[in-house]
Each structure stands twice: as structure tokens, then as C-alpha cells.
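Working through the structure, step by step
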Amino acid sequence: MQLNQIRKQINEIDTVIESLLEKRMVCASLVAEAKEQSAKEQESVPVIFVKEREDEILAAVNSGEHTDAVRYLMQEIMGTSRRHQYRLLTQHGVFSESVNGSSSKVYSVLILPGKLTEALQIVCRYQVQILSVDEEKIFFYVDEVLEAQALCNQLFMEHISKNT
């Protein structure tokens with residue numbers, strides 16, 4: 001097969017992927033709305049990152065020659081969906097960007113490049129609800145301010161975060 005024929009196939013596949021990703025983002029918007037409504041009814045903060053749900057999706061990735069690539073792509077897609085949900089809920093006033101140093105129980109930690117996995121391993125050991133995660137920042141909700149300070153300090157001391 002000629003290179004230009006292969007590229008034509010790739011372009012056709014990319015068009016299908018783009019359409020499916022657009023549909024997934026519409027669903028992510030609907031999930032954000034449902035989480036917002038549910039949180040209002042329960043008088044709580046919506047939880048964006050649900051590890052069990054993401055593990056379930058990753059477990060459904062079939063084994064095969066390209067499983068690692070597919071798993072990585074699914075993790076990226078889920079991260080994009082989380083960021084989209086977080087942005088929507090921030091626009092609706094559910095979350096605030098000015099979190100550290102305020103009386104809010106929502107905190108953020110700026111993560112050093114390449115340290116996200118290490119950061120999540122540490123954050124998961126604390127009694128916090130992860131709200132949003134991307135390559136640069138983790139937003140979390142915590143009932144105890146001292147717990148948040150301890151977590152932020154540990155990430156900083158282990159050279160994982162940019163701020164305390």
C-alpha cells in the first residue's frame with residue numbers, strides 16, 4: 001500500500017474519532033449537569049474524579065497488540081472529560097479558582113512536570129475528594145484544613161508540587 005493511501009485511511013479514521021469525541025464531550029457535559037444537580041440535592045460538592053469508574057473503563061480495554069496505546073488514549077480522553085466537567089462547574093459557580101489561602105474547602109496543588117502519577121499516589125492516601133485532575137493541577141475538597149495543609153506540604157517536600 002502506498003503512503004498516500006495509508007494517510008487517506010488515517011484521515012478517514014480521524015474524522016470518525018473526532019465525531020465520537022464530540023459525542024463523548026456532550027455526554028461529559030450531561031454528566032457534569034447531573035453531578036451538579038445531585039450535589040445540590042445532597043448539599044455537597046460534586047466529585048469529578050471517580051477512580052472506580054475510570055478503573056472500570058480501563059478494565060474494559062481489550063487485551064491485544066495495542067492495548068497499552070489504547071489504555072493511554074482512554075486515560076487522556078477521561079482527563080479531557082474531567083477538565084471539561086470542571087470548567088463547566090466552575091462557570092456555574094460550583095468551584096472557585098481562588099482556592100488556596102481562602103476559607104474554601106476546595107484546594108489546588110500545582111504539579112511539577114512529569115510528577116502527576118506520584119502526586120495522585122500521595123493524594124489518594126489522604127482523606128480528600130479529588131474533584132479534578134490534569135497534567136498541571138489537582139483540585140480537591142477536604143473537610144479539615146489541616147489535612148489539606150499536610151497534603152500540600154508533603155507534595156512540596158517530596159518535590160512534586162510547585163506550591164504548598
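Computed from a predicted model, the values in this text were never measured in an experiment.

Here is what the cut-offs are and how they apply
- Residues numbered from 1 in each chain as written.
- Predicted model: local features only at pLDDT ≥ 70, side-chain atom pairs only at ≥ 80, totals over all residues.
- Heavy atoms only, no water.
- Patch = residues over 30% accessible without salt bridge, like charges linked within 9 Å, V, L, I, M, F, W, Y side chains within 5 Å.
- Areas by Shrake-Rupley, 256 points an atom, 1.4 Å probe, with all protein chains shown as cover.
- Salt bridge = Lys/Arg side-chain N within 4 Å of Asp/Glu carboxyl O.
- Helix = DSSP H or I, 4+ residues; strand = E, 2+ residues; numbered from the N terminus.
- Axes fitted to C-alpha atoms, helices over the stretch in contact; angles between N-to-C directions.
- Parallel < 35°, antiparallel > 145°, perpendicular 65-115°, else oblique.
- Left-handed = near helix turned anticlockwise from the far one by under 90°.
- Contact = heavy atoms within 4.5 Å.
- Buried < 20%, exposed > 50% of the residue type's maximum accessible area, 1.4 Å probe, protein only.
- Arc of directions from axis to C-beta.
- Nonpolar A, V, L, I, M, F, W, Y, C, P; charged D, E, K, R; others polar.
- Core = buried A, V, L, I, M, F, W, Y, C linked by side-chain atoms within 4.5 Å.

This paragraph deals with a nonpolar patch on the surface. A cluster of nonpolar residues, Met1, Ile6 and Ile10, forms a patch on the protein surface that exposes about 300 Å² of accessible area. Looking at where Met1 falls in the secondary structure, it is placed in the segment before α1 (3-42).

Look at helix α2 (residues 51-59) against helix α3 (residues 67-91): their axes get within 10 Å of each other, and the N-to-C directions meet at 150°. Considered as vectors, α2 and α3 are oriented roughly antiparallel to each other. For α2 against α3, the interelement crossing comes out right-handed. Residues Glu54, Ile57 and Leu58 of α2 touch α3, and the partners they reach there are Arg71, Met74, Gln75, Met78 and Arg82.

Glu54, Ile57 and Leu58 are the residues of α2 that are buried. All buried residues of α2 lie within an arc of 95° about the axis, which places them on one face of the element. Of the exposed residues in α2, those oriented more than 90 degrees away from the buried face are Glu52 and Ala59. On its buried face, α2 sits against α1 and α3.

This part is about the pattern of salt bridges. The tally for this structure, following the rule as stated, stands at four salt bridges. Of the charged contacts, one joins Glu36 and Lys40 as a salt bridge, the two residues approaching to 3.7 Å between their closest N and O atoms. With Glu36 and Lys40 both in helix α1 and four residues apart, this pair spans about one turn of that helix. Between Glu56 and Arg53 there is a salt bridge, and its shortest N-O distance comes to 3.0 Å. Pair noted here: Glu56 and Arg53 are both in helix α2, with a separation of three residues, about one helical turn.

Contact pair helix α4 (residues 116-123) / helix α5 (residues 145-157): the axes reach a minimum separation of 10 Å and the direction vectors enclose 145°. Here the hand of the crossing between α4 and α5 comes out right-handed. For the pair formed by α4 and α5, the contact residues are Ala119, Ile122 and Val123 on the first element and Leu151, Gln154 and Leu155 on the second. Per-class residue counts for the contact of α4 with α5 are five nonpolar, one polar and no charged.

A few words on the nonpolar core. Counting residues in each nonpolar core, the largest one holds 21 residues, and the members touching the most others are Val123, Val128, Ile130, Ile138, Phe140, Leu151 and Leu155. Mapped by element, the contributors of at least two residues to this core are β1 (106-110), α4, β2 (129-133), β3 (137-141) and α5. By residue number, the principal contributor to this core is α4, which donates five residues. If we skip the residues at most four places from it in the chain, Phe140 touches Lys105, Val106, Tyr107, Val109, Val128, Gln129, Ile130, Leu131, Ala148, Leu151 and Cys152. Counting six residues, the second largest nonpolar core, distinct from the first, contains Ile57, Leu58, Met74 and Ile77.

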